[in-house]
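Below, each chain spelled out in residue letters.
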Amino acid sequence: MSDWRNSTPADDWTIDELMIARLAACFADGDQACNGMASFVPVSAFWLARLTHAPDLVWLAGAVGLEPRPDRVPASTLEAPLWRDSIMYVEQYGDFWTFALNGRWLTKFCVGAAQLDRYGNGNNSVIGADYHTPRVRLPGTAGLGDMGSIGKALYYWNPNHNPRSLVEQVDFISCAGYLGGGAERVEAGLEGGPELVVTNLCVLDFHPYTRHMQVASLHPGVTFEQVQEATGFELPAPAGPIPATAVPTVEQVRLIREVIDPDNMRRREFGG
Amino acid sequence: MSDWRNSTPADDWTIDELMIARLAACFADGDQACNGMASFVPVSAFWLARLTHAPDLVWLAGAVGLEPRPDRVPASTLEAPLWRDSIMYVEQYGDFWTFALNGRWLTKFCVGAAQLDRYGNGNNSVIGADYHTPRVRLPGTAGLGDMGSIGKALYYWNPNHNPRSLVEQVDFISCAGYLGGGAERVEAGLEGGPELVVTNLCVLDFHPYTRHMQVASLHPGVTFEQVQEATGFELPAPAGPIPATAVPTVEQVRLIREVIDPDNMRRREFGG
Amino acid sequence: MSAEKLSTLEAAAALVRDGDTVAIQNMATQAAPMALVRELIRQGRQDLGVVCLVGGIPVDWLAAAGAMTRLTGAAVSMEQFGLCQRYRKAVEAGAIRVEELSETALNARLGAGARNLPFLPTRGLIGTDLIDVNDNLVMLEDPFGGPSVVACKALVPDVALVHAHKADRFGNIGCEPTALWPDLGIMPKAATTVIVTAEEIVDSEVLRANPDRTVLPGFMVDAVVEAPFGAHPTSFYPRYGYDTALHMEWIGAARDDEAMDRFMANYVTGPAGHAAYLEAVGGAERQTALKAWEQA
Amino acid sequence: MSAEKLSTLEAAAALVRDGDTVAIQNMATQAAPMALVRELIRQGRQDLGVVCLVGGIPVDWLAAAGAMTRLTGAAVSMEQFGLCQRYRKAVEAGAIRVEELSETALNARLGAGARNLPFLPTRGLIGTDLIDVNDNLVMLEDPFGGPSVVACKALVPDVALVHAHKADRFGNIGCEPTALWPDLGIMPKAATTVIVTAEEIVDSEVLRANPDRTVLPGFMVDAVVEAPFGAHPTSFYPRYGYDTALHMEWIGAARDDEAMDRFMANYVTGPAGHAAYLEAVGGAERQTALKAWEQA
């Protein structure tokens, strides 16, 4: 067992490692976590949590393999090398979605979205005004269109915080956040909703009443002004000093680099 | 392969064998048949059909085991000895009922019911006027409440033709037949419906317009008057001579007695 | 790693409270979690609602013990051993209230419960009287203009009791190839609390060797108990067949109150636990005979 | 006994007609019935509607060949190999019309089709714009006074194309332990015609040895074709992994029309059949490498 409890802050951490450590802190013993495709940051975060503070975090790799024993993070987070040596193969049509819809299990979900707006609505469908002849056809909502509406706590990760990915209003809602803000989500009969947005610049959360996105912590060396400049909508002015995001520890960095992802698959999400 | 095509009528047939042979004739190559519990007559009929005119009749034993190879008819038509050596175990919740509901498969179903009325409605629920404090609590509808409503051709078998089992009106409809007769079933949006009633006295079918039960053939030695006396409602007077039910052949009798059911499990249904 | 779920029969059964709605795996004479059912009776549980597809001897024993007041299911029968007479008499006396559903309607109610949907539809039951006597079923127009359906209201049992072939101590449940009745497919997913008895507790590596035969994930299971021959006197394929002799003894005893009391004392409430029960019903010799069902 | 279903790739693909809605098993880079997809392109099929959960290279090839005009699915992506660019351009040009569904909504549409129900409900998608642009989805009040649901209209594809590990000549389909994507769980049950390619045609006795691993009954299957490496270049666990090199070659070729035409001629329309395709993509040497995915 690694000495993660007494490990000191690393001084050579990279941004991917910081984001992974921050997401890992959201998952605890007794939670169940699952991941979709091209999800290197969430997968590394679940794995890191299991190796440190949350050994009993249940992981359903690729939404298929329960408690897998992969060798390392592979090139796909949806293929068999990730769900190697699972204790159960979960059938998708009947079982996985029953587990997810039920409400008692898989209560947290990590979401990547091409566009995310100030009320936490996500878009992976189309860029442009016309759904049927879009300017850009995105991959599609896959499971997000479900996860946004069925009471999950949503954790967005965004390795490219810029005005094109964090926008005033998404061109198309394919993952329900707080909709128009305020009580709109609750009035639509939806439970849960976006909790955090972990980007390469900061961590954002949502105001408890307005449900507007706001800066919760700044990564070391990043200013509020830099975040505002990289954001496509006006962020609420901070009421006081904004905390700094905790940096990963020496042990967390070691685990990510040596045990979890020695092939640096997670870096693929940090292209630009 | 048995010489069933050239086999002559048996002269030592018993009524169970006649009923089995008559039901077997209802099933053809390309059909799929399934059975529920305590269904010795239908099971023997499917098996006989497969050994004679319908080798490609698909059989889903106990609604569980596809194309089984039982040794003989066992004491239960729902337990593993019947579905021994199956090529597929059909999961019930997800798969069996999908097959049955679909409409393309399992289009014929054999039904046993404690009460059956003149429009082919079946009752396996309660005898008496009050559903919640019945005079007799029957086993319950099980799959019949579905099979009666989802477009199947229903083949009732009744080894005890008497005024208590063939009644003017069932105390409670737990298997939909032609409801109040005429077009009522069609108007309720239901396809299929009762085709035949094979009893120990005769074969009955349903008038194409009124949907009233009527005698289609009399078993050897039975008169229309005997049937009427054993029936709890008035049967339409025959327009002409009523045909005789074909008796089983020497080869059919041999197959039933020696191959299919040497332990005479089928006789259990003919108690009185 | 996962949380430990290993428990005793006594502690597991104690998770069931008086008044609970309890879904019980069963098919006429098959696969019932009998060790748990007996333990519930021993502990004197009252006012239970039972949910089952086709209930057999567990329902009759619960009725005989006066432990149940409600049943939701598609049928109650011991197939070749006939109707459950103690259950039947209790219903006729008004002591057990029955919600009779077709199989698709029961599956729809449980499926909606499992998926947190307010209802699921079926096309079964249309035209029957079962819809009229049941507030949990209502005809619903198709919003697309097609045929109407029967909306079946979500059912969330308080507890599901199932018996399985293998379990690890974390509650992952493995099955050997056999009939998977709807019980395992849906009851544990719909229920709030899940209790599993298993023929044997195995190392997790045994389950990892056939991950497609793991049918319930540990996170869904609240307690797991080792109970060899835990489905006796019902069958549990491919391991053993049903016990004809004990079923026959029961249907004989169920005919009069005194014989019934004797039967219950001898086999259900009397034996000090599961091992004592297995001795009372014939011990190793009986077990060997039941394991030989394929030669029968 | 059962009816014979054994067929050739050519004859099986000929069961698909121009304009058909075709459900295709696929998950990003996994388990697609590629031999059938290539044969459809070779035969010049037009105006196909494709139904898939997460479409990958088969969708991009069908789009590149101009064979499809409609897609119903939850996503189209080749995961680590990026978006399907030929598909994407065709959508942006208005040449392919997309019905985008969440996974539960797609499952509900197919589930309703399989069960002959006019609709099935989901609680996914509520609050999204996907409901507004889709006539097959409509908000529906719960008749029991609970929360509203999204009614998802039944979808019955004309054809389902799936790839499996084993089949016998009667069309019974067996799977080895691996991920069972919804494709196998529901698409063949919903579709009117079912075509299966299998890594190997086996004697029925092989399937009888593990009846719990038979996933489709022969009566549901219209044609079965032996096609070893029939999912290539997608993966088919546990037998082989995906072909990185061919995916990379495709994403390079898809960038300009000339390179794309060359790629299609070399691999899709050119080779005279499945065996010739397997030779063109590297033959036995490449196959050995893909089989070694566990060592990768």
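Definitions and limits used
Residues numbered from 1 in each chain as written. Chains lettered and ligands numbered in written order. Predicted model: local features only at pLDDT ≥ 70, side-chain atom pairs only at ≥ 80, totals over all residues. Heavy atoms only, no water. Helix = DSSP H or I, 4+ residues; strand = E, 2+ residues; numbered from the N terminus. Rg over C-alpha atoms; globule rule 2.2 N^0.38 Å. Buried < 20%, exposed > 50% of the residue type's maximum accessible area, 1.4 Å probe, protein only. Contact = heavy atoms within 4.5 Å. Areas by Shrake-Rupley, 256 points an atom, 1.4 Å probe, with all protein chains shown as cover. Pairing = 2+ DSSP bridges. Axes fitted to C-alpha atoms, helices over the stretch in contact; angles between N-to-C directions. Domains from an automatic or database assignment. Buried area = accessible area lost by both parts, 1.4 Å probe. Salt bridge = Lys/Arg side-chain N within 4 Å of Asp/Glu carboxyl O. Polar contact = N/O pair within 3.5 Å; in protein donor to acceptor, adjacent residues only side chain to side chain. Nonpolar A, V, L, I, M, F, W, Y, C, P; charged D, E, K, R; others polar. Disulfide = S-S within 2.5 Å. Least-squares fit on C-alpha atoms with pLDDT ≥ 70 in both. Expected span 1.5 Å × (residues − 1). Phe/Tyr/Trp six-rings, centres within 6.5 Å; stacked < 30°, edge-to-face > 60°. Lys NZ or Arg CZ within 6 Å of the ring centre and 35° of its normal.

A.B. asks: I'm lost on the overall build of chain A in this one. Help?
C.D. replies: Helix and strand content of chain A: 7 helices and 14 strands. Over its C-alpha trace chain A gives a radius of gyration of 18 Å, about what one expects of a compact globule, namely 19 Å for 272 residues. Per-residue burial over chain A gives 62% buried out of 272 residues. In chain A, of all internal contacts separated by at least 6 residues, the share reaching a separation of at least 24 is 67%. Surface summary for chain A: the accessible area is close to 9500 Å², and the carbon and sulfur share equals 50%.

A.B. asks: What am I meant to see in the sheet that holds strand 12 (residues 193–199) of chain A here?
C.D. replies: Two modes of strand pairing occur in sheets, parallel and antiparallel, and in both the strands are linked by backbone hydrogen bonds. Residues and elements named next belong to chain A. Within the open sheet, the 5 strands sit side by side as 5-10-12-13-14. Their pairing is mixed. Two strands bound the open sheet, and with one partner strand each, they are strand 5 (108–111) and strand 14 (213–218). Strand-to-strand twist of the sheet, defined as the mean angle between neighbouring strand axes without regard to direction, takes the value 25 degrees. Helix 1 (residues 15–24) contacts strand 5, strand 10 (153–158), strand 12 and strand 13 (202–206) of the sheet and is inclined by roughly 155 degrees relative to strand 12.

A.B. asks: Help me out: how do you make sense of the domain arrangement of chain A in this one?
C.D. replies: When the parts of a complex come together, some accessible area is lost, and that lost area is often taken as the interface size. All names here are of chain A. By domain assignment, chain A separates into domain 1 (1–101 + 246–272) and domain 2 (107–245). Of note, the centres of domain 1 and domain 2, computed from C-alpha atoms alone, are 22 Å apart. On the domain 2 side, the residues contacting the 26 residues of domain 1 number 23 residues. Of the roughly 2100 Å² buried where domain 1 meets domain 2, counting both sides, 70% is carbon and sulfur surface. The largest contributions to the domain 1 side of the interface with domain 2 come from Met19, Arg22 and Trp97, which together make up 22% of the buried area.

A.B. asks: For this particular structure, what's the right way to read the interface of chain A and chain D?
C.D. replies: Of the residues lining the interface, 46 residues belong to chain A; the matching set on chain D comes to 51 residues. For the pair chain A and chain D, the summed buried surface comes to about 4000 Å²; carbon and sulfur atoms form 59% of the total. In terms of surface lost to chain D, no three residues of chain A exceed Glu79(A), Tyr93(A) and Arg137(A), which account for 18% of the buried area on that side. On the surface where chain A and chain D come into contact, there are 1 salt bridge. For the pair chain A and chain D, the number of links is 29 residue pairs in polar contact (both at pLDDT 80 or more). Within the residue set of the side of chain A that touches chain D, elements represented by two or more residues are helix 3 (92–102), strand 9 (136–137) and helix 4 (144–147) of chain A. Looking at the side of chain A that touches chain D element by element, the count peaks at 4 residues for helix 3 of chain A. Taken together, the residues that form the side of chain A that touches chain D break down as 25 nonpolar, 14 polar and 7 charged.

A.B. asks: So what exactly am I meant to see when it comes to the interface of chain C and chain D here?
C.D. replies: Chain C puts 25 residues into the contact, and the matching count from chain D is 25 residues. Regarding the contact of chain C and chain D, the summed buried area is about 2000 Å², with carbon and sulfur atoms giving 76% of it. Summed over the three residues of chain C that lose the most area to chain D, namely Pro118(C), Phe119(C) and Phe144(C), the buried surface amounts to 30% of that side. Our count for the chain C to chain D interface comes out at 2 salt bridges. Scanning the region where chain C abuts chain D turns up 4 residue pairs in polar contact (both at pLDDT 80 or more).

A.B. asks: Help me understand the state of the cysteines in this model?
C.D. replies: Covalent bonding between the sulfur atoms of two cysteines is what defines a disulfide. On inspection of all chains with the given rule, the structure shows 0 disulfides over all chains. Cys152(C) takes part in no disulfide bond, and the closest cysteine sulfur, belonging to Cys175(B), lies 17 Å away. Cys84(D) supplies the cysteine sulfur nearest to Cys52(D), a cysteine that is in no disulfide, at a spacing of 8.9 Å. Residue Cys52(D) is classed as buried on the basis of its relative accessible area, which comes to 1%.

A.B. asks: It is not clear to me how the environment of Thr199(B) should be interpreted in this structure. Could you clarify?
C.D. replies: Residue and element names in this part refer to chain B. Secondary-structure assignment places Thr199 in strand 12 (residues 193–199). The buried category is assigned to Thr199, whose relative accessible area is 0%. Spatially, the C-alpha atoms of Thr199 and His219 are 9.1 Å apart, while their sequence positions differ by 20 residues. Of the polar contacts made by the side chain of Thr199, one reaches the backbone nitrogen of Leu201; its length is 2.9 Å.

A.B. asks: Help me understand the pattern of salt bridges, please; the structure alone is not making it clear to me.
C.D. replies: Note on pairing: side chains with opposite charge can pair once their charged atoms come close. Applying the stated criterion across every chain yields a total of 60 salt bridges over all chains. In this structure, Asp16(A) and Arg267(A) form a salt bridge, with 2.2 Å as the shortest nitrogen-oxygen distance. In this pair, Asp16(A) is assigned in helix 1 and Arg267(A) in the segment after helix 7 (250–260), connecting sequence segments 251 residues apart. In this structure Asp16(A) comes out as buried when scored by relative accessible area, which is 0%. Taking relative accessible area as the criterion, Arg267(A) reaches 36% and is therefore assigned partly exposed. For Asp257(D), the salt bridge goes to Arg86(D), with nearest N and O atoms at 2.9 Å. One end of the pair, Asp257(D), is in helix 9 (residues 257–269); the other, Arg86(D), is in helix 4 (residues 85–92), with 171 residues separating them in the sequence. Residue class for Arg86(D) comes out buried when judged on its relative accessible area of 13%. Salt bridges sharing common partners tie together Asp12(A), Asp16(A), Glu17(A), Arg257(A), Asp261(A), Arg266(A) and Arg267(A).

A.B. asks: Teacher, can you tell me more about the relation of the copies chain C and chain D here?
C.D. replies: Here two copies of a chain appear, and what relates them is a rotation about an axis with a shift along it. Least-squares fitting of chain C to chain D yields an RMSD of 0.0 Å, with the superposition described by an axial translation of 0.0 Å and a rotation of 180 degrees. The two molecules are tied by a two-fold rotation axis, judged by turn and shift. Using C-alpha coordinates, one finds that chain C approaches the rotation axis most closely at Leu120(C), a distance of 3.5 Å. Residue by residue, 100% of the interface of chain C is reproduced at the interface of chain D, so both copies engage with the same surface.

A.B. asks: Help me out: how do you make sense of the domain arrangement of chain C in this one?
C.D. replies: Domain annotation for chain C reports domain 1 (9–101 + 156–291) and domain 2 (116–153). The C-alpha centroid of domain 2 of chain C is placed 30 Å from the C-alpha centroid of domain 1 of chain C.

A.B. asks: Please clarify how helix 9 of chain D should be interpreted in this entry.
C.D. replies: Structurally, the α-helix is built with 3.6 residues per turn, so residues lying three or four positions apart point the same way. Residue and element names in this part refer to chain D. Along its 13 residues, helix 9 runs just 15 Å from first to last C-alpha, ending more than 12% under the 18 Å computed at 1.5 Å per residue. Those residues of helix 9 that sit buried are Ala259, Met260, Phe263, Met264, Tyr267 and Val268. Here the buried face of helix 9 lies against helix 2 (34–42), helix 3 (57–64), helix 4, helix 8 (244–253) and helix 10 (274–280). With a side-chain oxygen positioned 3.2 Å from the backbone nitrogen of Glu258, the residue opening helix 9 is Asp256.

A.B. asks: Can you help me understand the packing of aromatic side chains in this one?
C.D. replies: Any pair of aromatic rings gets described here by the distance separating the centres and the angle formed by the planes. Applying the stated rule across the entire model yields 38 aromatic pairs over all chains. Both rings, one in Tyr131(B) and one in Phe172(B), keep their centres 5.2 Å apart while their planes meet at 20 degrees; by these two values the pair is stacked. Here Phe172(B) lies in the loop between strand 11 (166–167) and helix 6 (184–187) and Tyr131(B) lies in the loop between strand 8 (126–127) and strand 9 (136–137), a separation of 41 residues in the sequence. The pair Tyr131(B) / Phe172(B) is uniform in exposure class, with both members buried. Here the aromatic cluster, defined as three or more aromatic residues joined through ring pairs, consists of Trp83(A), Tyr89(A), Tyr237(D) and Trp293(D). Sitting above the plane of the Phe27(B) ring, Lys108(B) keeps its charged end 5.7 Å from the centroid.

A.B. asks: How do you make sense of the packing of helix 2 of chain D against helix 9 of chain D when you look at a structure like this?
C.D. replies: Between two packed helices, the angle of one axis relative to the other and the distance separating the axes together describe the packing. Residues and elements named next belong to chain D. At a minimum axis separation of 10 Å, helix 2 and helix 9 run at an interaxial angle of 115 degrees. For the pair formed by helix 2 and helix 9, the contact residues are Arg38, Ile41 and Arg42 on the first element and Met264, Tyr267, Val268 and Thr269 on the second. Partitioned by chemical class, the residues of the contact of helix 2 with helix 9 number 4 nonpolar, 1 polar and 2 charged.

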